[in-house]
Amino acid sequence: MTEPAPRDGSPGRAGHRAGLDSPRVLRVLAVVFTATASGALALVVLDLVIGRPAAGDLFITALNTLAAFVLWRRVLEKTRA
């Protein structure tokens, strides 16, 4: 029985992770996380207005803000390079 030939990296095909480093994908992800951070911040304000504890929503807001910050920074690095 013969083994299948190993796949070589054809120049016409991108690897699986090639799309994650493109500026367009990073920009879309940065916009999505910025929008979710804004929505989560609106939930924190709503929680404070109605008198609910805002700890969970505040945590999610912080995580989304951190992700958006890192992604926008990577977008800027890719566009400068």
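Predicted, not measured: the structure shown is a model, and the values here were computed from it. Along each chain, residues carry numbers from 1 onward, in the same order as the chain's sequence is written. Residue-level local features of this predicted model are given only where pLDDT is at least 70; pairs of side-chain atoms are given and counted only at 80 or more, and the full residue set underlies all totals for whole chains, interfaces and linings. With hydrogens and water set aside, each side-chain value is computed from the structure's full complement of heavy atoms.

J.: An account of helix 2 (residues 55-80) is requested, with residue identities and associated values reported.
T.: Secondary structure follows DSSP: runs of H or I at least 4 residues long count as helices, runs of E at least 2 residues long count as strands, and numbering of each begins at the N terminus. The span expected for a helix works out to 1.5 Å for each residue beyond the first. The end-to-end C-alpha separation of helix 2 is 38 Å, in line with the 38 Å expected for 26 residues at 1.5 Å each. Think of it in three bands: residues with accessible area under 20% of the maximum for their type are buried, residues over 50% are exposed, and the middle band is partly exposed, with areas taken using a 1.4 Å probe on protein chains only. Within the sequence span of helix 2, burial applies to Thr61, Asn64, Ala68, Leu71 and Val75. Working rule for contacts: check all heavy atoms of both residues, and any pair within 4.5 Å makes them a contact. Tucked into the core, helix 2 has its buried residues touching helix 1 (23-50).

J.: Give me the lowdown on the environment of Ala55, citing residues and values where you can.
T.: Note that Ala55 resides in helix 2. Residues Ala55 and Val44, spaced eleven residues apart in sequence, show a C-alpha to C-alpha distance of 8.3 Å.

J.: Which residues make up the pattern of salt bridges, and what values go with them?
T.: Only one rule defines a salt bridge in this text: a Lys or Arg side-chain nitrogen within 4 Å of an Asp or Glu carboxyl oxygen. This structure, assessed with the given rule, holds one salt bridge. A salt bridge links Asp47 to Arg52; its shortest N-O distance comes to 3.5 Å.

J.: Hey, could you go over a nonpolar patch on the surface for me, with residue numbers and the actual values?
T.: Like-charged residues are merged into a patch within 9 Å and nonpolar side chains (Val, Leu, Ile, Met, Phe, Trp, Tyr) within 5 Å, provided each residue has over 30% relative accessible area and no salt bridge. Only the protein chains shown count as covering a residue, and every accessible area follows the Shrake-Rupley method with a 1.4 Å probe. A contiguous nonpolar surface patch, about 570 Å² in accessible area, is contributed by Leu41, Leu43, Val45, Leu46, Val49 and Ile50. Along the polypeptide, Leu41 turns up in helix 1. Leu41 gets classed as partly exposed once you look at its relative accessible area, which sits at 46%.

J.: So what about the packing of helix 1 against helix 2? Which residues, and what values?
T.: For helices, the fitted line uses only the C-alpha atoms of the stretch in contact; every axis is such a line through C-alpha atoms, and the angle between N-to-C directions lies from 0 to 180 degrees. Interaxial distance between helix 1 and helix 2 falls to 8 Å at its minimum, and their mutual angle equals 155°. Regarding the angle of helix 1 to helix 2, the classification is roughly antiparallel. Like other packed secondary-structure pairs, helix 1 and helix 2 cross with a definite hand, here left-handed. Classification used: nonpolar for Ala, Val, Leu, Ile, Met, Phe, Trp, Tyr, Cys and Pro, charged for Asp, Glu, Lys and Arg, polar for all others including Gly. Residue classes in the contact of helix 1 with helix 2 are distributed as 18 nonpolar, six polar and five charged. The cut-offs work like this: below 35 degrees is roughly parallel, past 145 is roughly antiparallel, 65 to 115 is roughly perpendicular, and the gaps in between are oblique. Rotating anticlockwise by less than a right angle from the far helix to the near helix defines a left-handed crossing, while the corresponding clockwise rotation defines a right-handed one.

J.: Provide a residue-level description of the side chain of Thr61, including the pertinent values.
T.: Along the chain, Thr61 turns up in helix 2. For Thr61, a relative accessible area of 8% puts it in the buried group. The residues contacting Thr61, other than those within four sequence positions of it, are Ala37, Ala40, Leu41 and Val44.

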